[in-house]
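# Summary of the model geometry
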Amino acid sequence: MKRSKKREIELTPIDPKIPSDSAIYLENLSFGYEPKKLNIKKVNVDIKKGQSIAFIGHNGSGKSTLAKLIDGILVQNRGDIYIFGVKMTDDNALILRKDIGLVFQNPDSQFIGATVRDDIAFGLENACVDPSKMNDIILDCATKVGMQDYLDAEPSHLSGGQKQRVAIAGAIARNPKILILDEAGAMLDPKGKRQIRNIIKERKRENPDLTIINITHEIDDAYDSDRVLVMNGGQLILDDKPEVVFDNDELLRQIHLDIPFAHKLAKDLKDEGLDLGPIKNDEELYKKLCQ
Amino acid sequence: MYTSLGKYQPYNTFIHKMDARVKLVTMIILMVSVFMTYSQNSFMNLTIYAVLFLAFIVISMLAKVSFLSIFRSLAAIWVMIIFVLILNVFFTKPSLPEGVDPAPYIAFSIGALNIYWLSIVNLLYVIARLVLIIMITNIFTSSTKPMEMTNALEWLLWPLGLIRIPIHKFAMAISLALRFIPTLQEETDRIMKAQASRGVDYKQGKFKEKVKALVALIIPLFMSAFTTSGQLADAMEARGYDPNAKRTRYKTNHWGLRDFMGCLFAAAWVAGIVLLCVYQPDIYAFFNVPLPLVK
Amino acid sequence: MSIKLEQVNYTYNPHRPGEKVALRDINLVFQDHCFTALIGRTGSGKSTLIQQLNGLLLPTHGKIIADDYVIDMTLVYKKDGKVDERAMKKKHKVKLQNIKSLRKKVGIVFQFPEYQIFEESVIKDVSYGPKNFGKSEEEAIKQAKEALTLVGIDESYYERSPFELSGGEKRRVAIAGILAMEPDILVLDEPTVGLDAAGEEKLMGLITHLYEQGTSIILATHNMDVVLKYCKRAIVLDHGKIVHDSTPLDLFQNSEYLKSSSLEPPKVFRFALDLIQGGLDLDLSKVKDTKTLANEIIRVKGGNA
């Protein structure tokens, strides 16, 4: 189900019941690609402005679907989405989307332009940016992702990691207040993943108000965030600080998720008869073992 | 050196850097000039074609396009064209009035078969035009990126927008298709290799096996193309694309001296054609060069 | 079965624009019953090397000997000592005889193998390979069933359309498509990319099982955890050259080399190194994953107590 493309734009006013510091507010959100089978089941969550969030969950748990719902690419069956307090409707979805940058997983299929330059320009053209200002924005965004020397390169001459960096440049060129990364590093080698991670950290450092949603398999990414949301079978089953979430070893294991290294080793030690009590991170484990 | 006809060659000449719109219009003007008749005297026309040929060679060299490659890449087609044309030479006759002696119109005879000057001239006309047209299009496509070509075409066709033909949507579709040709090629290569590892032989084998091999290639290729196009649509939407909304256009090229020169060249060319057509100069008549009769 | 590469070079688009040297003077032997990791960043030549192993790409020059199958593209020289380009061209034009016999023995699972699926039912797709290699319908189905059992796809799936399956299931079906050919050497290009932790462990379990049954395994991967835990030998490629060739243990202990490359040992290994520095007398060769590290810690701690 896709949004109908209505041209007349009427912004719904900010809903008073939504907290003023909310960036994304999901209320009883349900969605299914097929009517009888729900991929998202009654999700309620309030993501605050400037938070950096990690979404984790195994393949098919509904994380990507949720990202597309928030960006208004898919339309929910039931429930509501509020972006900065404004309820999303068919009429204003295109407007609300201006505040959201979404980067997908596949490097090849999201490279739209013929060259790096054209690809970053694509979003600017859509936003009706004055063409005379585009060159500066393009250079600025390309520099932020370290692709300034490749402006005229074509996608077939770029590596997957480089293409993903261009995709991020394309997303931030539109100056979004919310940046969603849908497993942006999943198809890259470790170096590519590291670069993406650093770029995101740098964005956040430069612009603390930026709300970041990182959909990921990487435990390290999740550990870096303010808050971790765990999805399973279309439901939100955990929502807390990383330390707290990763304390639920058993639950995470049950839903086939990896757990942080320190927790894993502590558990293996416990299984072998050495109980060190609760462990938060590597340093703590190191200290306990080397005393 | 390896070149394939008409494929973009990434050089950095001033012709490559010239605005595609200037190049497109100039190309059309040059093409028109190839089809003009400049003189009643066929030999004068052919002489002008020879001059055009030299001019196009100069342009080819400026754009670093190998004009010899035209002849090489079209070798197979040339054989056929020449075969047909020679047949034509043997079987055309000038329509002479009753009682006129055909002797001066005949170039030579092979046994009872007369070969007329007219057929030879006609043959030269066709070959000259064909060569010139291929040369000029080859220069254009070799020096202009497909995407720029699309944009230039979109610009040229803007009047169609007035009658509500959505030119920009077609242009977007064409640009995306061009963008994904290399991706599809890579994908094809990948699937062929994967199937070859499963014992499919794309080079040898019986007809029935080859059909099966093709199915094993095409179905995965379609599946992957569908997936890619779905993801592409999402990515375009996510970056705010709305086919019905107004968009601005990003241009990499700034109008420069070279574009001005290109326009000047095109204008001079038009003036030259017009002058030639009006005055119809005939150097052969001027110098009283005896020519064979053609009619 | 062993494969030997002698002075293998490969260049994409030789003598053309876009010419790119992908492999330089590779000398390498994959012994019978090996479990080898090929490591290297994107574009280091891993994929090109893999494709040499079953003749999908022929060396620009060099020689590949796979038991009795020989691909001989060694350089021909003229009298004046220069390379005889015409003779080389001629060599490349000769069609390989009976290349299928090599491809049957060396099975390659490409990255994202799910894209090679095309038949209308799972069982048909998996039996496609064996049939191509001349097995009868019955034999092919029998081998397909065995392969599907190995990858954990049960009978209820046999008649289903492979396109309806989930991503992980599709990948397992695609891998079964190669296993059904019963290759002597199984080559896998990044088999764990895109899988979650559970999927990865399951797949690596399957590969280890095949190794134990006698299949040689060659694994191209970025995943150092996998290299440490499962592989017996680690070969590092960079810019088309072999820059390192040892056991994973030696590779990860070679801190000087690691510093100059962009490789990072797996977390469990780094942590074990920290512990050793912190005074625990661990035996690094025993450390493969958190479980084995835990065992080592217990052994050392137990000894202390």
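Rules used throughout
- Residues numbered from 1 in each chain as written.
- Chains lettered and ligands numbered in written order.
- Predicted model: local features only at pLDDT ≥ 70, side-chain atom pairs only at ≥ 80, totals over all residues.
- Heavy atoms only, no water.
- Contact = heavy atoms within 4.5 Å.
- Buried area = accessible area lost by both parts, 1.4 Å probe.
- Salt bridge = Lys/Arg side-chain N within 4 Å of Asp/Glu carboxyl O.
- Phe/Tyr/Trp six-rings, centres within 6.5 Å; stacked < 30°, edge-to-face > 60°.
- Helix = DSSP H or I, 4+ residues; strand = E, 2+ residues; numbered from the N terminus.
- Buried < 20%, exposed > 50% of the residue type's maximum accessible area, 1.4 Å probe, protein only.
- Lys NZ or Arg CZ within 6 Å of the ring centre and 35° of its normal.
- Disulfide = S-S within 2.5 Å.
- Polar contact = N/O pair within 3.5 Å; in protein donor to acceptor, adjacent residues only side chain to side chain.
- Nonpolar A, V, L, I, M, F, W, Y, C, P; charged D, E, K, R; others polar.
- Pairing = 2+ DSSP bridges.
- Right-handed = clockwise from strand over helix to strand, strands pointing away.
- Domains from an automatic or database assignment.
- Axes fitted to C-alpha atoms, helices over the stretch in contact; angles between N-to-C directions.
- Left-handed = near helix turned anticlockwise from the far one by under 90°.
- Expected span 1.5 Å × (residues − 1).
- Bend = angle between axes of the 7 residues up to and from the residue.

Let's shift gears to the interface of chain C and chain B. Every contact between the two is made by 27 residues of chain C and, on the other side, 23 residues of chain B. Both sides together, the interface formed by chain C and chain B hides about 2200 Å², and carbon and sulfur atoms give 59% of it. Of all residues in chain C, Tyr 115, Phe 118 and Tyr 128 of chain C give up the largest surface area on contact with chain B, accounting jointly for 30% of the area buried on that side. Counting every contact that joins chain C to chain B gives two salt bridges. Across the salt bridge formed by Glu 119 of chain C and Lys 212 of chain B, the nearest N and O atoms sit 2.9 Å from each other.

Let us now look at the packing of aromatic side chains. The final tally for this structure, using the stated rule, is 14 aromatic pairs over all chains. Between Tyr 223 of chain A and Phe 246 of chain A the ring centres are 5.3 Å apart and the planes differ by 20°, which places this aromatic pair in the stacked class. Here Tyr 223 of chain A is found in helix 7 (residues 219-224), whereas its partner Phe 246 of chain A is found in the loop between helix 8 (242-245) and helix 9 (249-254), with 23 residues between them in sequence. Judged by relative accessible area, which is 27%, Tyr 223 of chain A ranks as partly exposed. Judged by its relative accessible area of 0%, Phe 246 of chain A falls in the buried class. Residue placement shows Arg 21 of chain B over the ring face of Trp 155 of chain B; its charged tip is 5.5 Å from the ring centre. The positively charged end of Arg 179 of chain B is found above the aromatic ring belonging to Phe 180 of chain B, 4.1 Å away from the centroid.

Enumeration over the complete set of coordinates arrives at zero disulfides over all chains. Take Cys 34 of chain C: it sits in no disulfide, and the sulfur closest to it among the cysteines is that of Cys 231 of chain C, at 9.8 Å.

Attention now goes to the interface of chain A and chain B. Chain A puts 40 residues into the contact, and the matching count from chain B is 30 residues. For the pair chain A and chain B, the two sides together bury roughly 3100 Å², of which 51% comes from carbon and sulfur. The largest share of the area that chain A buries against chain B comes from Ser 109, Ile 112 and Glu 125 of chain A, three residues that together contribute 19% of it. Counting the contacts that link chain A with chain B gives six salt bridges. The partner of Asp 119 of chain A in a salt bridge is Arg 239 of chain B, and the shortest N-O contact between them spans 3.3 Å. Linking chain A to chain B there are 18 residue pairs in polar contact (both at pLDDT 80 or more). Looking at the side of chain A that touches chain B element by element, the count peaks at nine residues for helix 3 (residues 116-126) of chain A. Its residues assigned to classes, the side of chain A that touches chain B shows 18 nonpolar, nine polar and 13 charged.

Next up on the list: the pairing of strand 8 (residues 211-215) of chain A. Residue and element names in this part refer to chain A. Burial within strand 8 is extensive, with five of its five residues counted as buried. The alternating pattern of strand 8 places Thr 211, Ile 213 and Ile 215 on one face and Ile 212 and Asn 214 on the opposite face, and all of these are buried. Bridge analysis of strand 3 (residues 52-56) against strand 8 gives four bridges, and the strand direction is parallel. Paired with Ala 54 across the bridge in strand 8 is Asn 214. Direction of pairing for strand 7 (residues 178-182) relative to strand 8: parallel, over a ladder of five bridges. Bridge pairing links Leu 179 to Ile 212 in strand 8. Where the polypeptide runs from strand 7 across helix 6 (residues 190-206) and back to strand 8, its parallel neighbour, the crossover connection is right-handed.

The next thing to look at is the domain arrangement of chain C. Residue and element names in this part refer to chain C. The assigned domain composition of chain C is domain 1 (3-265) and domain 2 (266-305). Taken together, both faces of the contact between domain 1 and domain 2 bury some 930 Å²; the carbon and sulfur share is 67%. If you sort the residues of domain 1 by the area they bury against domain 2, Leu 228, Lys 229 and Pro 265 come out on top, with a joint share of 54%. The salt bridge partner of Lys 229 is Asp 289, with a shortest N-O separation of 3.2 Å. Our count for the domain 1 to domain 2 interface comes out at two residue pairs in polar contact (both at pLDDT 80 or more). Within the residue set of the side of domain 1 that touches domain 2, elements represented by two or more residues are helix 8 (224-230) and helix 9 (248-253). Sorting elements by how many residues they give to the side of domain 1 that touches domain 2 places helix 8 first, with four residues. Split by residue class, the side of domain 1 that touches domain 2 holds five nonpolar, one polar and three charged.

Turning our eyes to something else, we now look at the sheet that holds strand 5 (residues 86-87) of chain A. All names here are of chain A. Strand order in the open sheet made by the four strands is 2-1-4-5, with antiparallel pairing throughout. The open sheet terminates on both sides in strands that have one partner only, identified here as strand 2 (40-48) and strand 5. Taken together, the five bridges between strand 1 (residues 22-31) and strand 4 (residues 78-83) define a ladder with antiparallel strand orientation. Directly across from Ser 30, in strand 4, lies its bridge partner Arg 78. Along the sheet face, helix 1 (residues 63-70) touches strand 1, strand 2 and strand 4 and points at about 120° away from the line of strand 1.

Further remarks concern the packing of helix 4 (residues 122-132) of chain C against helix 5 (residues 137-150) of chain C. Residues and elements named next belong to chain C. As a packed pair, helix 4 and helix 5 sit with axes 8 Å apart at the nearest point and diverge in direction by 115°. Every pair of crossing elements has a handedness; the one defined by helix 4 and helix 5 is right-handed. The residues of helix 5 that touch helix 4, namely those facing Val 122, Ile 123, Val 126, Ser 127, Pro 130 and Lys 131, are Glu 137, Ala 140, Ile 141, Gln 143, Ala 144, Lys 145, Ala 147 and Leu 148. Here the residues of the contact of helix 4 with helix 5 are counted per class, giving nine nonpolar, two polar and three charged.

This paragraph deals with unusual backbone geometry. Of all residues except glycine, most have a negative phi; of all peptide bonds, most are trans. Although it is not a glycine, Arg 164 of chain B adopts a positive phi angle of roughly 65°. With respect to the element layout, Arg 164 of chain B can be found in the loop between helix 8 (158-162) and helix 9 (167-197). In this structure Arg 164 of chain B comes out as exposed when scored by relative accessible area, which is 79%. The backbone phi angle of His 33 of chain C is positive, close to 55°, even though this residue is not glycine. On the secondary structure map, His 33 of chain C appears in the loop between strand 2 (20-30) and strand 3 (35-39). Residue His 33 of chain C is classed as partly exposed on the basis of its relative accessible area, which comes to 33%.

In this section: the pattern of salt bridges. Counted according to the given criterion, the structure contains 45 salt bridges over all chains. Residues Lys 267 of chain C and Asp 282 of chain A are paired through a salt bridge, measuring 2.7 Å at the closest nitrogen-oxygen approach. Of the two residues, Lys 267 of chain C is situated in helix 11 (residues 267-277) and Asp 282 of chain A in helix 11 (residues 282-290); the pairing between them involves two chains. For Lys 46 of chain C, the salt bridge goes to Glu 190 of chain C, with nearest N and O atoms at 3.6 Å. Of this pair, Lys 46 of chain C sits in helix 1 (residues 46-52) while Glu 190 of chain C sits in the loop between strand 7 (185-189) and helix 7 (197-212), placing them 144 residues apart in sequence. The buried category is assigned to Lys 46 of chain C, whose relative accessible area is 6%.

Let us now look at the sheet that holds strand 6 (residues 100-103) of chain A. Residues and elements named next belong to chain A. The mixed open sheet is built from six strands, whose spatial order is 6-7-8-3-9-10. In this open sheet, the two edge strands, each paired with only one partner strand, are strand 6 and strand 10 (235-240). Shown here is a sheet whose adjacent strand axes are inclined to one another by a mean of 15°, direction ignored. Pairing of strand 3 with strand 9 (residues 227-232) involves four bridges; the strand directions are parallel. For Ala 54, the partnering residue across the bridge sits in strand 9 and is Val 228.

The subject of this paragraph is helix 9 of chain B. Residues and elements named next belong to chain B. In this model, helix 9 (31 residues) spans 44 Å end to end at C-alpha, consistent with the 45 Å of a helix rising 1.5 Å per residue. Residue Phe 180 marks the point of greatest curvature in helix 9, where the axis turns by about 35°; the proline Pro 182 follows within four residues. At the C-terminal side of helix 9, Gly 199 shows a positive phi close to 90°.

The residue Ala 121 of chain A is located in helix 3 in this model. Each C-alpha atom of the pair Ala 121 of chain A and Arg 174 of chain A lies 9.5 Å from the other, and the pair is 53 residues apart in sequence. In contact with Ala 121 of chain A, other than residues within four places in its own chain, are Met 134 and Ile 138 of chain A together with Tyr 250 of chain B.

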